[in-house]
Number of protein chains: 2
Amino acid sequence: MARPARAATKPNRPYHHGNLRRALLDEALATIRAEGVTGLTLREIGARVGVSRTALYRHFADKRALLSAVATEGFRTLRLQLVAAWDESGRGRAGFETMGGAYVRFAVANPSHYRVMFGGFVDPEQACEPELATEAAGAFQALVDALAALQRDGSVRGDDTALMARFVWAVVHGVAMLGIDGQLPQPGGVEELAAYARERLRTGITSDASQPA
Amino acid sequence: MARPARAATKPNRPYHHGNLRRALLDEALATIRAEGVTGLTLREIGARVGVSRTALYRHFADKRALLSAVATEGFRTLRLQLVAAWDESGRGRAGFETMGGAYVRFAVANPSHYRVMFGGFVDPEQACEPELATEAAGAFQALVDALAALQRDGSVRGDDTALMARFVWAVVHGVAMLGIDGQLPQPGGVEELAAYARERLRTGITSDASQPA
DNA sequence: ACCTGAACACCGTTCAAGT
DNA sequence: ACCTGAACACCGTTCAAGT
């Protein structure tokens, strides 16, 4: 803590005490943000943290495991932001739409991190990282819970909640991915599409009962 | 053509005459299909085609350029399949939904190829590959054209056609991506979601005039 | 336990040299 | 023009050895 700042070049402390796993993960996140997923190398992370190239293997089985941890952290952050958006905006229809906005905003603000989560770098089917599946399911559950609340007060259709949630997920995921990919006209292309999607989705999933009103 | 099959190991012909670019591209596609994008190496492609490791640089500036060509080819194939689906199914509302199904089917049938197109491996903004942008725009145009036809006969809303097309694109893209990623319950998860999305989309973009009918 | 340096088998890319 | 082998600077991963 109170050591000289550039101790990384001259490792006068033989051991990296404290939470090395956490330090490696933070450095990986910073590198991914700055240089993208493909720019991430284990050697550079070690060097940046001020540790040998192989020290990382004490905390992660391999590069995939590190990326898996990065993805896991992403799903956790995403869930927290979704729940916060829902809670802070009245937990009603407006809150649901705010949550959708928060989803797209997370992806657009952290494009490389989002790609680690959904770009095929980690396999959610794989049982080797149970935490990943748990966190991914948790983020999805935030959507399901909100939708179930709207169903209870009769403002959206009474379809299978999980299936409807998957549909809403696909919409925000699609909007976010196209935005990240640069497939939408700049500037404001994502926001414009997100606003239009919100509108169309409202028509699409509103309950038949409340439609004519 | 009429040469011994495994000439690749012993290059008795000093030069690879014919369309080497085409051969390299085909081999890249096959490798991507079999081993994914990350499993693609230039050295292996050269070896498989029976050519030196550096021969590839005569036809592609670097690995990115090769992937860009792969993506370009993907957009072209996608456009052809979309147009075929639209043409062969009456060019009406049913045809539009068939087209959506064809989109998801292409992605699910060629997941790795689809990832090269949308996984951030190539940059559509970059002007270095004008063909890529052209083909991507062409595939999108197939969607716009179909939607415009539906608008003309009054069966969908009269909103900005390009914006509505982007929305529909986001939906099918989102469904396809979640399916490819293994985020949907197997088996039949993609088909179930695609069917539900089709239904909800119908409600969402139908014109107000034809809604009560 | 945790960390290290050396070593292994790869990779993309460059370049002088061949036909 | 088109192709080649050798070389360069990387990379993930392993492993015997240090504290």
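Residues numbered from 1 in each chain as written. Chains lettered and ligands numbered in written order. Predicted model: local features only at pLDDT ≥ 70, side-chain atom pairs only at ≥ 80, totals over all residues.

Q: How should the overall build of chain A be read in this particular structure?
A: What chain A contains, in helices and strands, is eight helices and zero strands. Across chain A, helices and strands are ordered from the amino to the carboxyl terminus as α-α-α-α-α-α-α-α. Nonlocal contacts in chain A, meaning residues at least 24 apart in sequence, comprise 65% of its contacts between residues at least 6 apart. (Helix = DSSP H or I, 4+ residues; strand = E, 2+ residues; numbered from the N terminus. Contact = placed C-beta atoms within 7 Å.)

Q: Would you mind showing me how to read helix α7 (residues 161-180) of chain A here?
A: Since the α-helix advances by 3.6 residues per turn, residues separated by three or four positions end up pointing in the same direction. Residues and elements named next belong to chain A. For α7, built from 20 residues, the straight-helix expectation of 28 Å at 1.5 Å per residue is met to within 8% by its first-to-last C-alpha distance of 28 Å. When you tally the buried positions in α7, you get 17 out of 20 residues, the bulk of the element. One or two steps after α7, the chain reaches Gly182, where phi turns positive at roughly 75 degrees. (Expected span 1.5 Å × (residues − 1). Buried ≥ 20, exposed ≤ 12 C-beta atoms within 10 Å, placed from the backbone.)

Q: Where do I start with the confidence of the model for chain A in this structure?
A: A low pLDDT means the predicted coordinates there should not be read in detail. Mean pLDDT over chain A stands at 88; residues scoring 70 or higher make up 88%. In the model, residues 1-14 of chain A has pLDDT below 50 throughout and makes five contacts with residues more than four positions away in sequence or in other chains. (pLDDT = per-residue confidence, 0-100.)

Q: When you look at the relation of the copies chain A and chain B in this model, what are you seeing that I'm missing?
A: For the pair of chain copies, the relating operation is a rotation around an axis with a shift along it. Superposing chain A onto chain B takes a rotation of 180 degrees plus a shift of 0.0 Å along the axis, which leaves an RMSD of 0.0 Å. Here the symmetry operator amounts to a two-fold rotation axis. A shared binding surface is used by both copies, with 100% of the interface residues of chain A retained as interface residues in chain B. (Least-squares fit on C-alpha atoms with pLDDT ≥ 70 in both.)

Q: What exactly am I supposed to notice about the interface of chain A and chain B here?
A: Frequently, the measure chosen for interface size is the accessible area removed from exposure when the parts meet. The interface is formed by 31 residues belonging to chain A together with 31 residues belonging to chain B. Among the elements of the structure, α5 (111-118), α7 and α8 (189-205) of chain A are those that each provide at least two residues to the side of chain A that touches chain B. The dominant element in the side of chain A that touches chain B, judged by the number of residues it contributes, is α7(A), at 11 residues. Grouping the constituent residues of the side of chain A that touches chain B by class yields 16 nonpolar, eight polar and seven charged. (Nonpolar A, V, L, I, M, F, W, Y, C, P; charged D, E, K, R; others polar.)

Q: Please explain the protein's contact with DNA strand C as it appears in this structure.
A: The local shell around DNA strand C holds 18 residues, among which A:Ser52, A:Thr54, B:Thr41, B:Asp62 and B:Lys63 are the closest. Per-element accounting of the surface near DNA strand C gives the leading share, three residues, to helix α2 (residues 42-49) of chain B. (Near = placed C-beta within 6 Å.)

Q: Before we go on, may I ask you to explain unusual backbone geometry in this structure?
A: Most peptide bonds are trans, and most residues other than glycine sit at a negative phi. All names here are of chain A. The backbone phi angle of Arg91 is positive, close to 50 degrees, even though this residue is not glycine. Structurally, Arg91 can be placed in the loop between α3 (63-88) and α4 (93-109). On the basis of neighbour counts, which here come to 17 C-beta atoms within 10 Å, the residue Arg91 falls in the partly exposed class.

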